[in-house]
Amino acid sequence: MNVSLPILPTSVVGSHAKMGWWYLVRQEAEAGRMGCRDVAEALDTATDVAILDQERAGVDVISDGEMRRFGAFFRTYLRRIQGIQMLPSEKSIGDPGYHTREVYEVSGRISAPEGLGIVEEFKYLKEHTMKPTKVTCTGPTTFASGTLIKGGYRDQKELAWDFVAIVNKELKALVAIGADFIQVDEPAFSEIHRDGKELAEIFNATVDGVKAKLAMHVCFGNHRGRPLVKRTYRKLFPGVLEANTDQFVLEFANREMAEIELWKEVGAKKELGAGLVDQKSFYIETPEDIAERIRTALKYVPAEKLWINPDCGFNPTPRWIALPKLKSMVEGAKIVRRELGYGV
Ligand SMILES: [Zn+2]
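Criteria and thresholds
- Residues numbered from 1 in each chain as written.
- Predicted model: local features only at pLDDT ≥ 70, side-chain atom pairs only at ≥ 80, totals over all residues.
- Heavy atoms only, no water.
- Helix = DSSP H or I, 4+ residues; strand = E, 2+ residues; numbered from the N terminus.
- Rg over C-alpha atoms; globule rule 2.2 N^0.38 Å.
- Buried < 20%, exposed > 50% of the residue type's maximum accessible area, 1.4 Å probe, protein only.
- Contact = heavy atoms within 4.5 Å.
- Pairing = 2+ DSSP bridges.
- Phe/Tyr/Trp six-rings, centres within 6.5 Å; stacked < 30°, edge-to-face > 60°.
- Lys NZ or Arg CZ within 6 Å of the ring centre and 35° of its normal.
- Donors = N, O, S within 2.8 Å, 3.2 Å for Na, K, Ca; no water.
- Axes fitted to C-alpha atoms, helices over the stretch in contact; angles between N-to-C directions.
- Parallel < 35°, antiparallel > 145°, perpendicular 65-115°, else oblique.
- Left-handed = near helix turned anticlockwise from the far one by under 90°.

Draft legend 1. Broad picture of the overall build of the protein. For the protein, the helix and strand inventory stands at 11 helices and 9 strands. Relative to the 2.2 N^0.38 estimate, which gives 20 Å for 344 residues, the radius of gyration of the protein is 19 Å and therefore close to what a compact globule would have. Across its three principal directions, the C-alpha atoms of the protein cover 55 × 45 × 45 Å. Of all 344 residues assigned to the protein, the portion counted as buried reaches 56%. For the protein, contacts bridging at least 24 residues in sequence account for 78% of all contacts bridging at least 6.

Structure below.
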């Protein structure tokens, strides 16, 4: 990135909290009661709101809020892939969760002739903000983990390698239109890979030739604010350090900062985008709460390598909770910057 940022820069992981009307738009659009221009206009407006919310909170590096992802997180993009069919959920009664989601069945070799669509999303963001930006793209492992293999591939691991070319092409197209900070999201790594070394191998193929600042986000799942996998990074390290990423974006706040000490063991070569805001909790952290977590992180991470983030996206968080959390994140970073002698 060729922009000057303060020490302890603040950013987001990707998704912004949805407005109430966003859900009405999705409902009407999926029922076929809105024209394509109506949907585009509504999603442009939702993205405008996400941008403004982040700017007003004072976040240093912002995203587009992923407001166009009707299918929640990466599932929207699976719908653009040839060789994959969306089927209804096998379970629809009871509280919604991972088990009530629609099924994506792979029936043959996959391709994405029209790309994933993230290029168009990022173009809109660049045209509507002067702030530094980060663009997020689902990684091959997570794409593959969300599918049911019925044909074309032996297993999800083999399928993941075919997603590498699709994602790599999208990332290069993003760089071509000005993306200088790209985050690849791989929350589902432990569903497919034995360890971090395997994840690093597929990550490196995915970002091959991608000339931008790179981040890898690994969390434990965020659908409906619930985790999906065992909440530890032990399996990830040290193998994942072979990944050609500049930054790891990991979650700590909702685990009461567990495993932050891992960073001391793994060394200071990479940046850490530390999740220090718990977007799953309805408790709204004060700026002092965030400052305290930053101070804890600084025991293990050099200040010049530490970025301040929420644990994951605000997708499942109500907007009236997400907004003060974002503001506290920014104010908490300012408190510690002052303590370190950097002013604000
Ligand atoms: Zn996440």
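Draft legend 2. The arrangement of unusual backbone geometry in detail. With omega at 0 degrees, the peptide bond leading from Phe237 into Pro238 counts as cis. Counting through the fold element by element, Pro238 comes out in the loop between strand E6 (213-218) and strand E7 (247-251). Although it is not a glycine, Glu66 adopts a positive phi angle of roughly 50 degrees. Tracing the chain through its elements places Glu66 in the loop between helix H2 (36-57) and helix H3 (75-78). Assessed through its relative accessible area of 6%, Glu66 is described here as buried.

Draft legend 3. Representation of the sheet that holds strand E2 (residues 103-111) within the structure. Strand order across the open sheet formed by 3 strands is E1-E2-E4, with mixed pairing between neighbours. Each having just a single partner strand, strand E1 (82-87) and strand E4 (148-149) make up the two edges of the open sheet. Inspection of the sheet shows E2 paired to E4 by 2 bridges, in the parallel sense. Across the sheet, residue Glu105 finds its bridge partner in E4, namely Leu148.

Draft legend 4. The packing of aromatic side chains, seen in detail. One pass over the full model with this rule turns up 9 aromatic pairs. Aromatic ring contacts, followed pair by pair, group Phe220, Tyr233 and Phe252 into a single cluster. Over the ring of Tyr124 we find Arg68, and its NZ or CZ is 4.8 Å from the ring centre. Its end group placed over the ring of Phe181, Lys213 keeps NZ or CZ at 5.5 Å from the ring centre.

Draft legend 5. Structural view of the coordination of the zinc ion. At the metal site, the zinc ion is ligated by His217 (NE2), Cys219 (SG) and Cys312 (SG), and these contacts range over 2.1 to 2.2 Å. Mapped onto the polypeptide sequence, the residues donating to the zinc ion form the spacing pattern H-x1-C-x92-C. Separated by 95 residues along the polypeptide, His217 in strand E6 and Cys312 in the loop between strand E9 (306-310) and helix H11 (319-339) bring together distant segments of the chain. Across the pair, Cys312 and His217 agree in class, each one buried.

Draft legend 6. Region of interest: the environment of Met1. Residue position: Met1 is located in the segment before helix H1 (20-30). For the pair Met1 and Asp180, spaced 179 residues apart in sequence, the C-alpha separation works out to 5.4 Å. Once residues lying within four places of it in the same chain are set aside, the contact partners of Met1 are Val61, Pro132, Thr133, Asp180, Phe181, Lys213 and Trp307.

Draft legend 7. Focus on the sheet that holds E7. Spatial ordering of the open sheet is given by E3-E5-E6-E7-E8-E9, a layout of 6 strands whose pairing is parallel. Strand pairing shows two members of the sheet lacking a second neighbour, strand E3 (135-138) and E9, which therefore form its edges. When the angles between neighbouring strand axes are averaged without regard to direction, this sheet yields 25 degrees. Relative to strand E8 (residues 271-277), E7 runs parallel, the two sharing 5 bridges.

Draft legend 8. Up close: the pairing of E7. Burial analysis of E7 places 5 of its 5 residues in the buried class, the great majority of the element. Because side chains alternate across E7, one face comprises the buried residues Gln247, Val249 and Glu251, and the other comprises Phe248 and Leu250, equally buried. Examined bridge by bridge, E6 and E7 share 4 bridges and lie parallel to one another. Residue pairing across strands places His217 opposite Val249, the latter belonging to E7.

Draft legend 9. Region of the structure containing the pairing of strand E5 (residues 181-185). When you tally the buried positions in E5, you get 5 out of 5 residues, the bulk of the element. In this structure, E3 lies alongside E5, joined through 4 bridges in parallel fashion. Along E5, the bridge assignment pairs Val135 with Ile182. Examined bridge by bridge, E5 and E6 share 5 bridges and lie parallel to one another. Residue pairing across strands places Ile182 opposite Leu214, the latter belonging to E6.

Draft legend 10. A look at the packing of H1 against H2. In the contact formed by H1 and H2, the axes pass within 11 Å of each other and the chain directions differ by 160 degrees. The angle between H1 and H2 falls in the class roughly antiparallel. Both H1 and H2 take part in a crossing whose hand is left-handed. Of H2, the residues touching H1 (which contributes Trp21, Trp22, Val25 and Ala29) are Val39, Ala42, Leu43, Thr45 and Ala46.

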